[in-house]
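The residues making up each chain are set out below.
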Amino acid sequence: MTSIGKQRGLARLADEDGHFTMVALDQRPPLLQALAKARGIPADQVKFADMLAAKRLLVEALAHDASSMLLDPNFAMPAAIDVLPARTGLIVTLEEHRFQDTPGGRKSRSIDNWSVEKIRRVGGDAVKVLAWYRPDASDEVLQHQKDYVRTIGAECRRHDIPYVLELLVYPFPDSDRHTTDYVESADKRADLVIESVREFAKPEYGVDLYKLETPLPAASLPPMDDSAESRAAAAQFAELGSICADAGIPWVLLSGGAAPEQFERVLSYSYAAGAQGFLAGRTIWLDAVQNHFPDRDAVLTALKGDGMKILKDLGRLTREKAQPWKPDFRLEQVDREGAFSCAYA
């Protein structure tokens with residue numbers, strides 16, 4: 001059973017009806033690249049001040065219409081924690097974006113001088129970790145990734161804070177399609193996504209909410225109809241949903257920078273399989289940043305126009321098709337004074 005503290009944290013991430021309509025602003029390399037494009041400079045020349053300015057604009061424009069926001073401690077927190085509305089849930093990133101890319105696969109690690117305890121202390125409602133994972137990586141890499149995810153899970157249990165786990169499949173260094181960019185692989189295999197989820201659904205990892213990628217490339221996902229292609233695609237999503245349902249873990253979809261219409265199709269398949277919302281980033285705000293920065297007014301206008309329309313459309317689809325998440329505090333055994341405080345270990 002998920003603890004009351006974690007249940008309360010998850011409730012903070014959802015809207016009042018129990019839908020997760022969340023915006024991701026913790027992106028670091030993708031935002032660096034967007035700002036570099038906007039200024040016409042290499043990504044390594046983007047200034048710290050520009051990263052802060054961009055993230056603040058995103059919070060100012062979008063926070064009131066998001067059930068919660070995902071912020072990183074190196075840029076988004078110092079940029080905008082003071083303008084995040086009190087009613088908007090706060091998810092805080094733990095992992096360092098500079099992963100170790102080895103011949104046998106990628107190894108994740110946490111941001112220097114950052115921890116689950118600190119996330120709890122700054123008022124975070126949940127901890128988010130991105131674990132690069134594919135079941136066919138080397139044994140040494142697999143063990144490292146499992147140990148990393150398991151260790152964070154134990155810390156989240158100790159501090160009674162929800163654990164949001166994001167899983168991403170990636171190309172090996174010797175692949176023709178190798179890139180360290182945060183982009184979806186056009187030849188992504190559904191079995192790698194599904195088996196990754198199956199591994200971390202085990203209770204030993206302590207995951208409370210999954211942030212998952214689509215098992216099939218968003219750009220090639222067929223329309224939802226009665227075609228053979230659609231039924232085959234739906235079966236892949238259904239398998240994800242079955243794993244999460246059996247484990248009692250709610251799940252939401254990441255956007256991966258997909259075009260809005262493509263992401264809506266992803267969500268339609270996902271909601272039919274039991275997903276309960278989204279945690280989307282670039283799909284909502286990328287165009288506004290890379291096309292208008294550093295013009296503050298122009299960025300805000302674009303975010304409050306096209307960006308807000310995308311967010312509202314995704315929220316509407318979620319409310320229409322996704323089943324809401326509801327906490328289960330199970331207080332039936334509290335039958336005398338002192339029983340609750342005694343039982344809550």
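Just above, that's the structure.
The sections below set out a description of the structure shown in this document. Only a predicted model underlies this, so the values are computations on that prediction, with no experimental measurement involved.

**Digging into unusual backbone geometry**
In step 1: Cis peptide bonds are those with omega within 30 degrees of zero, and the linkage from Phe293 to Pro294 qualifies with 10°.
In step 2: Its place among the elements puts Pro294 in the loop between α10 (282–292) and α11 (296–321).
In step 3: Even without glycine at this site, Asn113 takes up a positive phi of about 60°.
In step 4: Looking at the element boundaries, Asn113 is found in the loop between β5 (105–107) and α5 (116–121).

**Concerning the side chain of Arg134**
In step 1: Its location among the elements puts Arg134 in the loop between β6 (126–132) and α6 (139–159).
In step 2: Looking at Arg134, its side chain comes within polar contact range of the side chain of Asp136, at 2.7 Å.
In step 3: A polar contact is formed between the side chain of Arg134 and the backbone oxygen of Tyr170, at a distance of 2.5 Å.
In step 4: When neighbours within four sequence positions are excluded, Arg134 is seen to be in contact with Leu142, Val169, Tyr170, Pro171, Phe172, Leu192 and Ser196.

**Regarding the nonpolar core**
What tends to happen in soluble globular proteins is that the nonpolar side chains get buried as a cluster.
In step 1: Among the nonpolar cores identified, the biggest contains 102 residues, and Leu62, Met69, Leu165, Tyr210 and Trp285 are the most heavily contacted of them.
In step 2: The element best represented in this core is α11, accounting for 9 residues.
In step 3: Contact partners of Leu62, with chain neighbours within four places excluded, come to Val23, Met69, Ile284, Trp285, Leu303, Gly307, Met308 and Leu311.
In step 4: Of all hydrophobic cores here, the second largest spans 14 residues; its members include Ala14, Ala24, Val164 and Val252.

**Section: the packing of aromatic side chains**
In step 1: Counting across every chain of the model gives 8 aromatic pairs.
In step 2: On the basis of an interplanar angle of 45° and a centroid distance of 6.0 Å, the ring pair of Phe20 and Trp325 is categorised as tilted. Highlighted residues: Phe20 in strand β1 (residues 20–24) and Trp325 in the loop between α11 and α12 (339–343), separated in sequence by 305 residues.
In step 3: Residue Phe20 is classed as buried on the basis of its relative accessible area, which comes to 0%.
In step 4: Given a relative accessible area of 10%, Trp325 falls into the buried group.
In step 5: Centroid distance Phe237 to Tyr269: 5.3 Å. Interplanar angle 25°. Geometry classified as stacked. With Phe237 in helix α8 (residues 228–247) and Tyr269 in helix α9 (residues 260–272), this pair connects stretches of sequence that are 32 residues apart.
In step 6: Taking relative accessible area as the criterion, Phe237 reaches 0% and is therefore assigned buried.
In step 7: By way of ring pairs, the aromatic residues Phe99, Trp132, Tyr170 and Phe172 are connected into one cluster.

Cut-off values and rules
- Position numbers for residues count from 1 along each chain, tracking the sequence in the order it is written.
- Owing to the predicted nature of the model, reporting of local features is limited to residues with pLDDT of at least 70; listing and counting of side-chain atom pairs is limited to 80 or more, with chain, interface and lining totals taken over all residues.
- Neither water nor hydrogens contribute to the side-chain values; these are computed over all heavy atoms in the structure.
- Secondary structure follows DSSP: runs of H or I at least 4 residues long count as helices, runs of E at least 2 residues long count as strands, and numbering of each begins at the N terminus.
- Distance and chemistry together define a polar contact, namely a pair of N or O atoms within 3.5 Å, with one atom able to donate a hydrogen and the other to accept it when in protein, and with adjacent residues in sequence counting only for side-chain atoms on both sides.
- Working rule for contacts: check all heavy atoms of both residues, and any pair within 4.5 Å makes them a contact.
- Take the buried residues of types Ala, Val, Leu, Ile, Met, Phe, Trp, Tyr and Cys, join any two whose side-chain atoms come within 4.5 Å, and each joined set is a nonpolar core.
- Think of it in three bands: residues with accessible area under 20% of the maximum for their type are buried, residues over 50% are exposed, and the middle band is partly exposed, with areas taken using a 1.4 Å probe on protein chains only.
- When two rings of Phe, Tyr or Trp (its six-membered ring) have centres within 6.5 Å they constitute a pair, described as stacked for plane angles under 30 degrees, edge-to-face for angles over 60, and tilted for the intermediate range.

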